[in-house]
Amino acid sequence: MTLAENYHEIMNRIELTPEGRARILDGVRQAELAGPARARMIQFPQWKRWAAVAACAAVVLLAAVTLQNQKAATAPNESQGSVQIANPFEDYDTLADAARAVGFELTVPERIDGFSGDKTVQVMSGTTIQIIYSDGSDNRLFIRKAPGSEDISGDYNKYDEIRTAAVNGCDVTLKGSSGAVSTAVWTSGGYSYAVSADVPLRAETMTALIAQIA
Amino acid sequence: MDGAVLRAPLALRLRRRIYMAFSAFAGRSEGRASGEADVNARAERLLDQYGNSILRLAYSYLHNRSDAEEIVQDTLIRFLQEAPAFNDANHEKAWCLRVAGNLAKNRIKYNAVRDADELSEELVEAQREDLSFVWEAVKALPVKYREVIHLFYHEGYSTAEIADILQRKEATVRSDLSRGREQLKAVLKEAYDFG
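The sections below set out a description of the structure shown in this document. Here the structure is a predicted model, which means the values were calculated and not measured.

Some thoughts on the packing of helix 7 (residues 143–153) of chain B against helix 9 (residues 170–188) of chain B
All names here are of chain B.
Point 1. Following both chains from N to C, one finds helix 7 and helix 9 inclined at 95 degrees, their axes separated by 8 Å at the closest point. With respect to helix 9, the element helix 7 is oriented roughly perpendicular. Residue-level inspection shows Lys-144, Tyr-145, Val-148, Ile-149, Phe-152 and Tyr-153 of helix 7 in contact with helix 9, the latter providing Val-173, Asp-176, Leu-177, Arg-179, Gly-180, Arg-181, Gln-183 and Leu-184.
Point 2. Class assignment for the residues of the contact of helix 7 with helix 9 results in 8 nonpolar, 2 polar and 4 charged.

See the structure below:
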């Protein structure tokens, strides 16, 4: 079974019903006839506005009291009925905090040229440290370290150019195209490392960066 | 004497004015009826061609049928108001999905989290734990990964086409697709082929 097949099967359950279709067409007609600027704009008399505000406040108050009373009774059953899945990535304030969580250190440059935006520190599934450098918009650079020797880059794309370069005595696999490198992976001291960038880096820039990672 | 020839009698002028007023009223009514028919025809064609695609994309963001239907409606209204020109049907569909995606993302920002995910309930009732697991895993993804996963796996778009729809760089889309797959892989383990 592939993810695509399962996801298709899930999504194919979402279909426009005849009732939904009629509601949508009716809404479109109303909005079109009202004109673009006045679409969906309904003017209420002043007294009705205040009445609505008062009614809302009463409902909120009643709901708060009811929820408070029911909270103790319903708490044990809250997890029933649906599958809850935790996000495998957990954010940390500092690299030191993340290192304590996984039990190993990671050395990375404090700053990387071209990535002056936020720096995010994460731990994935309790075993992998990930640092994300951002340029403040869509361009990000990822550095990862985890015990073992598997490819932890998470980059499943197929690249035209795959070659090996020696950096600090390690054989680093560089993947990319047109001479630029999108992803680099290597192992050292029982750990697997990966660097990947949304926008490919020059090979020299990538190897210079890798030389600062341990 | 000339004036009498040029100027019609009062009764005739009155009759003409009444006739013109009626004609104008009738013309407006006809125009309005024809406009309504045109709106209906165009809205129905869009619903036939892309309704389910727009609804599913909106649902993938909002996880609620009622909200998703409103996104379909608002997308159609935007289409009718802007009357954009397209090269072909693919271009038209991509425009609709882009607008629907933006409307849905705007709605996420101010929507309260809703409990009513009809799809989740349906899958639980059908005892399809396998599909429930996949759906909940996809739902747990950040929006930027989820939208790419939806367009890639359900709509079958290439990363270049997704970049065009979401107005992002293709490299970013490829990266987000990889990250999304990886997060799913971490949750779903090796039970799935992610190709």
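Things to note about the interface of chain B and chain A
Point 1. Facing 64 residues of chain B, the contacting portion of chain A comprises 53 residues.
Point 2. Of the roughly 5600 Å² buried between chain B and chain A, counting both surfaces, carbon and sulfur atoms make up 59%.
Point 3. Connecting chain B to chain A are 7 salt bridges.
Point 4. The salt bridge involving Arg-56 of chain B is made with Glu-15 of chain A; its shortest N-O contact spans 3.9 Å.
Point 5. In terms of residues, the side of chain B that touches chain A owes the most to one element, helix 9 of chain B, which gives 15 residues.
Point 6. Across the side of chain B that touches chain A, the residue classes break down as 30 nonpolar, 13 polar and 21 charged.

Overview of the environment of Asp-155 of chain A
Point 1. Relative to the helices and strands, Asp-155 of chain A resides in the loop between strand 4 (140–147) and strand 5 (161–167).
Point 2. Placed 39 residues apart in sequence, Asp-155 of chain A and Ala-194 of chain A show a C-alpha to C-alpha distance of 9.6 Å.
Point 3. Setting aside residues no more than four positions away along its own chain, Asp-155 of chain A makes contact with Thr-183 of chain A together with Ser-178 of chain B.

Description of the side chain of Thr-75 of chain B
Residue and element names in this part refer to chain B.
Point 1. The residue Thr-75 is located in helix 3 (residues 65–82) in this model.
Point 2. With a relative accessible area of 1%, Thr-75 lands in the buried category.
Point 3. Here Ile-71 takes part through its backbone oxygen, which lies 2.7 Å from a polar atom of the side chain of Thr-75.
Point 4. Ignoring sequence-local partners within four residues, the contact set of Thr-75 consists of Ile-54, Trp-95, Cys-96, Val-99, Ala-100 and Leu-103.

About the thresholds
- Just so you know, the residues in each chain are numbered from 1, in the order the chain's sequence is written.
- For this description, chains carry letters from A and ligands carry numbers from 1, given in the order in which they are written.
- A pLDDT threshold of at least 70 governs which residues receive local features in this predicted model, and a stricter bar of 80 or more applies before side-chain atom pairs are shown or counted, although totals over entire chains, interfaces and linings include all residues.
- Remark: hydrogens and water are excluded; side-chain values derive from all non-hydrogen atoms of the structure.
- Axes, fitted as lines to C-alpha atoms, cover a helix only where it is in contact. Angles between the N-to-C directions of the axes lie from 0 to 180 degrees.
- A helix here means a DSSP run of H or I that spans at least four residues, while a strand means a run of E at least two residues long, and both kinds are numbered starting from the N terminus.
- Should an angle fall under 35 degrees it is taken as roughly parallel, and over 145 as roughly antiparallel, whereas 65 to 115 is taken as roughly perpendicular and any remaining angle as oblique.
- Contacts between residues were defined by any pair of non-hydrogen atoms, one from each residue, lying within 4.5 Å.
- Ten residue types, Ala, Val, Leu, Ile, Met, Phe, Trp, Tyr, Cys and Pro, are classed as nonpolar, four, Asp, Glu, Lys and Arg, as charged, and the remainder, Gly among them, as polar.
- Accessible area that two parts lose when put together, evaluated with a 1.4 Å probe and summed over both, is termed the buried area.
- Within this document, salt bridges are pairs made up of a side-chain nitrogen of Lys or Arg and a carboxyl oxygen of Asp or Glu, the two lying within 4 Å of each other.
- Note on classification: 1.4 Å probe, protein chains only; a residue is buried when its accessible area is under 20% of the maximum for its type, exposed when over 50%, partly exposed between these limits.
- Throughout this description, a polar contact denotes any pair of N or O atoms lying within 3.5 Å of each other; where both atoms belong to protein, one of them has to be capable of donating a hydrogen while the other can accept it, and for residues adjacent in sequence the pair is counted only when both atoms sit in side chains.

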